[in-house]
Amino acid sequence: MAKRTSLHGLWSSRMAFILAVSGSAVGLGNIWKFPYVAGANGGGAFVLFYLLCVALIGLPIMMAEILIGRRGRRNPVATMRIVGEEEGSRPSWALVGIMGVIAGIIILSFYSVIAGWSLSYIAHAALNRFEGADADLVNGLFGGMLGNWKVLAFWHTLFMIITVWVVARGVERGLERAVRFLMPSLAVLMVALLGYAIINGDFRAGAAFLLEPDFSKLTGEAMLAALGQAFFSLSIGMGAIMAYGAYLPEGTSITNTSISVVIADTAMALLAGLAIFPIVFAHAMDPAAGPGLIFQTLPLAFGNMVGGHLFGTLFFVLLTFAAWTSSIGLIEPAVAWSVETHGRSRAAAATVIGVIIWALGFLTILSFNEFEHIKLFGRTLFENLDHLSSNIMLPLGGLFITVFAGWVMCKNSTAEELDLGTGTAYRLWRFLARWVAPAAVLLVFLHATGLLHFFGITTS
Ligand code: PHE
């Protein structure tokens, strides 16, 4: 079959692709979200279930996304349609791409607000506001920021501007450079923070909370949260990785790339958790404090360590960069789709979509102050946007993607893309993609909605 070529250029090397995909995967999801979601869901058992989801569902779906993306070489909407038709199925597979575009828009709308928190903490850290910090001081700083929607709007706007700016400049120029040094630097900084936590925090309590499973805490909701977190953290289920796969040169190993990215992403999340919980317990803070967790714990560490002024500033700079390289992945499916279907320039597409996302961001901003009391299904607006996109749309998208790769695409096509031959490794992938991943996602969905119970199946 004649291969299609990408309309947006290709990654210059295998390394560039790995960097872009890990840049997309490693972000606020690892450092901000993983610790607070793990904390809110009871720790150990959640973490264990999360790791299972990453290995058995996340990895095969990441491989599926990349291989579909490279085969289609278009934006996720067109790719799903084209590859679907090629495999003798319906064009309506495009709907999966559309859901992904929408999920990306929703996620970025709140992601950018949180990235704005990180930006504002660069300023706090640089101005040495954490010096000698105690719990009151950090809570005051955080609460002061959260309570003022104008402050949140300012930083959110700034973050959206830098995101649109880099996306407008195009794939290879925009993405490759930033990730190369920043990811390793962030990893080094996290290791240093872990060192601080071991020496000065309550490391025993923190590690026990994170690593010793208490299965009575693993409710259906917690399992769904772990599944959603796995999708969110790996950037899968919405076409971000598919869009990146579209720019992947032939002959690059999809399997090796996926494995490296999954390991790096998971290591980063565990590192963040292990660095943060010892500080939480040493200061008798609440592990279930919610989205403010790292913003209320890390400044305590920075404020009381030697070199914390510089170290804290650097940390929030790198965290912002990590968020930045992820936000590019969140907007890329929508931008690529708009460029290809409406013939817009990248700059125009990125601007229009950026403005929509920016406006949507106000729902999240206001849900921390003016609209704090507005609850739907017992959740704030932000929590609803997060739950809908991360815990429902991403796993649902991933379910369709893995069914597509495992059942719609023929063996020849997937084997050709994965280039694993037809030996054990390929058979293992196909088994996970066809059976394990779809069944697991469905079971977690059913369990969380109480339907398993309804069918008379009891789990615990
Ligand atoms: N994986 C990113 C993070 O952990 C978030 C993300 C999700 C990015 C989906 C792209 C697509 O921060």
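Up top is the structure.
Please read all numbers here as calculations on a predicted model, not as lab measurements.

A. Spatial organisation of a nonpolar patch on the surface. Taken together, the side chains of L95, I98 and I102 define a hydrophobic patch exposed on the protein surface, amounting to about 270 Å² of accessible area. Inspection of the secondary structure assignment puts I98 in helix α5 (residues 94–126). In this structure I98 comes out as partly exposed when scored by relative accessible area, which is 37%.

B. Here's a closer look at the site of the ligand. Close contacts around the ligand come from 14 residues, with A25, G29, Y111, F232 and S235 the closest. One of the side-chain nitrogen or oxygen atoms of Y111 is found 2.4 Å away from an oxygen atom of the ligand. Between S235 and the ligand, the recorded distance is 2.9 Å, taken from a side-chain N or O atom to a nitrogen atom. Here the ligand loses 100% of its free accessible area of 320 Å² to cover by the protein chains. In a pocket analysis with a 2 Å cut-off to the grid points, the ligand is assigned to the largest cavity. Elements with a minimum of two residues in the shell around the ligand: α1 (14–25), α2 (28–40), α10 (220–234) and α14 (308–342). Residues belonging to the shell around the ligand are distributed by class as follows: 7 nonpolar, 7 polar and no charged.

C. Highlighting the side chain of T297. Mapped onto the secondary structure, T297 falls in helix α13 (residues 293–304). A distance of 2.8 Å separates the side chain of T297 from the backbone oxygen of L293, its partner in a polar contact. For T297, the residues in contact, after removing those within four places along its chain, are I276, I279, V280 and M285.

Reading guide: rules and limits
Residues numbered from 1 in each chain as written. Predicted model: local features only at pLDDT ≥ 70, side-chain atom pairs only at ≥ 80, totals over all residues. Heavy atoms only, no water. Patch = residues over 30% accessible without salt bridge, like charges linked within 9 Å, V, L, I, M, F, W, Y side chains within 5 Å. Areas by Shrake-Rupley, 256 points an atom, 1.4 Å probe, with all protein chains shown as cover. Salt bridge = Lys/Arg side-chain N within 4 Å of Asp/Glu carboxyl O. Helix = DSSP H or I, 4+ residues; strand = E, 2+ residues; numbered from the N terminus. Buried < 20%, exposed > 50% of the residue type's maximum accessible area, 1.4 Å probe, protein only. Near = heavy atom within 4 Å. Polar contact = N/O pair within 3.5 Å; in protein donor to acceptor, adjacent residues only side chain to side chain. 1 Å grid on protein atoms, 1.4 Å probe; cavity = no way out; pocket = protein on both sides within 12 Å on 5 of 7 lines; lining within 4 Å. Sits in = over half its atoms within 2 Å of the grid points. Nonpolar A, V, L, I, M, F, W, Y, C, P; charged D, E, K, R; others polar. Contact = heavy atoms within 4.5 Å.

No statement about biological role is implied by the geometric values presented.
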